[in-house]
Amino acid sequence: MTTLDLTGLATRPSQVWGAVRLVPLVRAEPVEDLRLRPQLYGDAAGLVEVGPRHAYVSYIPHGFVATWTGDGTPAAAYGTQLSAGGDAAPAATMGLRFHRGMARRQAKDRLRFLPMHLALEGYLALHFGGPSIAWEEWSQRAVRHGLSPRAEEAYAGADILGLADALRIFEIHPGQCGVMVYVADALAAAFAVPHPDDYRALHPTLLQDLYGELIHHYATLMPPVQDFRARIPDARIRSLAHLRTAVAEQERSWARFHDTTMPTGLLEHAYTWQTVHRMGRFTLSRFLPEFRPKQENHIGEAITDDSGRIAYLKTFRLSETQVRRGHLLSGLAAHDWHLADTAADLGVTEAQLGLRLESAGFGFLLRQDVLDGYRRQGRTRAG
């Protein structure tokens, strides 16, 4: 398990619109031998083959195509590819587009992958097979079919109040290769790409990305956030050189504050990484947190180079309900799905664990008579 390291990405002063705060990320040296471009799919729902008899269904408006070179020379990013007109669905219907895998090689130096969904499918697939041992408490459905079907909810960026205006109004910085999106100063997402030209092309896709329930609620209910304005005492300014020095110090002060305070819930915790595809000296991976209840938890995907530097990053903040689900499933898997052992590790009774599973949406995993017994014990304890 390793943490996220954003070495090579520097923060610039934030831009505030209502409850939305955008913090630009710039690179002093772009990654020249890896480029990303969007591949647009329109409004059709997407169905992705993720394994034998397993599929992932979601709103998938676009994919990313990664192009790289094998010798370190600059790679070219080809133009945006629109879905063919002949594939477009009639306006009155919802189309369905089929994708063969979350990541699929298109050429020896080109890979198409589905951003954000790569990470979300990793979360949905967490212990998807269900009980590894058929203990008597588990239902036949759990033993035979595991967690299938598994579903989660998210909001498109267009539904996050203020995000569209913020992305439209604020300028893109010179050298900008990413952005951290905050809503009510809660980190909603981190996004980084290899090259400034890639960011300019992919900047609008932030509005099509998915955001969690907490972020949607904050955008709707929370008041505007404070804009951290630079204050320079004029008594110390004697020349333009003094002014430039003072402005640079204010920028450094903001960067120190941001980097040590605002993204710590993302950067200071360890993640479990899964390699998805190797692309020359680059590796596409996805990662899951340790599922810490009542704390900030993010899932995501990244492309790293051979030295571990992040060339591409996209994250998704989990809701507290989603964290609880991941925590329960991870605890069960760590104890071979033995309820009593898992309950003892969590410091609760077996009945309390069963009711937690029901509350998290996993009641169907338990035999009905076992679940009814846990409910009776819960009522008895409450009485």
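The following paragraphs examine the structure supplied in this document. (Residues numbered from 1 in each chain as written. Predicted model: local features only at pLDDT ≥ 70, side-chain atom pairs only at ≥ 80, totals over all residues. Heavy atoms only, no water.)

The method is simple in principle: a probe with the dimensions of a water molecule rolls over the atoms, and the space it marks as empty is what remains. Computed from the structure, the largest pocket encloses a volume of approximately 510 Å³. Surrounding the largest pocket, 25 residues form its lining, Ala55, Tyr56, Val57, Leu124 and Arg150 being those nearest its centre. Elements with a minimum of two residues in the lining of the largest pocket: β5 (45-51), β6 (54-59) and α1 (117-124). The biggest single contributor to the lining of the largest pocket is β6, with six residues. Partitioning the lining of the largest pocket into residue classes produces 16 nonpolar, five polar and four charged. (1 Å grid on protein atoms, 1.4 Å probe; cavity = no way out; pocket = protein on both sides within 12 Å on 5 of 7 lines; lining within 4 Å. Points joined across faces, edges and corners; volume = space filled by probe spheres on them. Helix = DSSP H or I, 4+ residues; strand = E, 2+ residues; numbered from the N terminus. Nonpolar A, V, L, I, M, F, W, Y, C, P; charged D, E, K, R; others polar.)

This next bit is on helix α10 (residues 350-359). All of the buried residues in α10 are Ala351, Leu353, Gly354 and Leu357. For α10, the arc enclosing every buried residue in end-on projection is 160°, short of the 170-degree limit, so these residues lie on one face. In the stretch just after α10, glycine 361 is the one whose phi turns positive, near 95°. (Buried < 20%, exposed > 50% of the residue type's maximum accessible area, 1.4 Å probe, protein only. Arc of directions from axis to C-beta.)

Once that is clear, we can look at empty space enclosed by the protein. According to the stated counting rule, one finds two cavities of 30 Å³ or more in the structure shown. If you trace the largest cavity, you find it lined by Gln15, Leu22, Ala166, Leu167, Phe170, Glu171, Ile172, Gln176, Val179, Tyr199 and His203. Elements represented by at least two residues in the lining of the largest cavity include exactly α3 (163-169) and β12 (176-183). Residue classes in the lining of the largest cavity are distributed as seven nonpolar, three polar and one charged. Counted as a void, the second largest cavity has a volume near 40 Å³. Contributing to the lining of the second largest cavity are Tyr59, Pro61, His62, Pro115, Met116, His117, Gln208, Asp209 and Leu210. Here the lining of the second largest cavity is composed, by residue class, of five nonpolar, three polar and one charged.

Checked against the element boundaries, arginine 27 lands in strand β3 (residues 20-27). No salt bridge is formed by the buried arginine 27; its nearest oppositely charged neighbour, aspartate 305, is found at 7.7 Å. Within the structure, the side chain of arginine 27 is placed 3.1 Å from the backbone oxygen of isoleucine 310, a separation counted as a polar contact. Polar side-chain contacts of arginine 27 include one of 3.0 Å to the backbone oxygen of alanine 311. Once residues lying within four places of it in the same chain are set aside, the contact partners of arginine 27 are Gly8, Leu9, Gly175, Cys177, Ala192, Val193, Pro194, Ile310 and Ala311. (Lys, Arg positive; Asp, Glu negative; His and termini not counted. Salt bridge = Lys/Arg side-chain N within 4 Å of Asp/Glu carboxyl O. Polar contact = N/O pair within 3.5 Å; in protein donor to acceptor, adjacent residues only side chain to side chain. Contact = heavy atoms within 4.5 Å.)

Let us look at the packing of helix α8 (residues 320-334) against helix α9 (residues 339-346). Where α8 contacts α9, the two axes come as close as 9 Å, and the packing angle between them is 120°. Relative to α9, the element α8 lies oblique. For the pair α8 and α9, the sense of crossing is right-handed. Together, His327, Leu328, Gly331 and Leu332 of α8 and Leu339, Thr342 and Leu346 of α9 make up the contact between the two elements. Classifying every residue of the contact of α8 with α9 gives four nonpolar, three polar and no charged. (Axes fitted to C-alpha atoms, helices over the stretch in contact; angles between N-to-C directions. Parallel < 35°, antiparallel > 145°, perpendicular 65-115°, else oblique. Left-handed = near helix turned anticlockwise from the far one by under 90°.)

Now for the environment of glycine 265. Position of glycine 265 relative to the elements: it lies in helix α7 (residues 264-267). The spatial distance from the C-alpha of glycine 265 to the C-alpha of asparagine 297 is 7.1 Å, given a sequence separation of 32 residues. Ignoring any residue separated from it by four or fewer positions in sequence, one finds glycine 265 in contact with Tyr271, Arg292, Glu296 and His298.

In this section: the side chain of arginine 112. On the secondary structure map, arginine 112 appears in strand β10 (residues 110-113). No salt bridge is formed by the buried arginine 112; its nearest oppositely charged neighbour, glutamate 49, is found at 10.0 Å. Those residues in contact with arginine 112, other than ones at most four positions away along the chain, are Gln39, Tyr41, Phe64, Val65, His99, Arg100, Gly101, Met102, Ala103, Arg104 and Gln106.

Of note, proline 24 is situated in strand β3. For proline 24, a relative accessible area of 1% corresponds to the buried category. The sequence separation of proline 24 and isoleucine 237 amounts to 213 residues, and the corresponding C-alpha distance is 28 Å. Setting aside chain neighbours within four positions, we find proline 24 in contact with Ala10, Thr11, Arg12, Pro13, Ser14, Gln15, His173, Gln176, Gly178 and Val179.

Here we come to the sheet that holds β10. Pairing is antiparallel across the open sheet formed by four strands, whose spatial order is β4-β7-β10-β9. Each end of this open sheet is capped by a strand with a single partner; those strands are β4 (34-40) and β9 (103-107). Across the sheet, the mean angle from the axis of one strand to that of its neighbour is 25°, orientation sign disregarded. In the sheet, β4 pairs with strand β7 (residues 62-68) via seven bridges, with the strands oriented antiparallel. Bridged to leucine 36 within β7 is alanine 66. (Pairing = 2+ DSSP bridges.)

In this section: the packing of aromatic side chains. For the structure shown, the criterion picks out 12 aromatic pairs. A ring pair is formed by phenylalanine 64 and phenylalanine 113, whose centres lie 5.9 Å apart and whose planes are at 85°; its orientation type is edge-to-face. Of this pair, phenylalanine 64 sits in strand β7 while phenylalanine 113 sits in strand β10, and the two are 49 residues apart along the sequence. Summarising the burial analysis for this pair, phenylalanine 64 and phenylalanine 113 share the class buried. Between tyrosine 123 and phenylalanine 291, the aromatic rings sit 6.1 Å apart at their centres with planes inclined by 45°, giving tilted as the arrangement. Here the residue tyrosine 123 occupies a position in helix α1, and phenylalanine 291 occupies one in the loop between β16 (282-288) and β17 (298-304), the gap between them amounting to 168 residues. Considered together, tyrosine 123 and phenylalanine 291 belong to a single accessibility category, that of buried residues. Counting every residue linked through ring pairs, the aromatic cluster contains Phe64, Phe113, Phe191, Tyr199 and Tyr312. (Phe/Tyr/Trp six-rings, centres within 6.5 Å; stacked < 30°, edge-to-face > 60°.)

That's the geometry; what it means functionally is another story.
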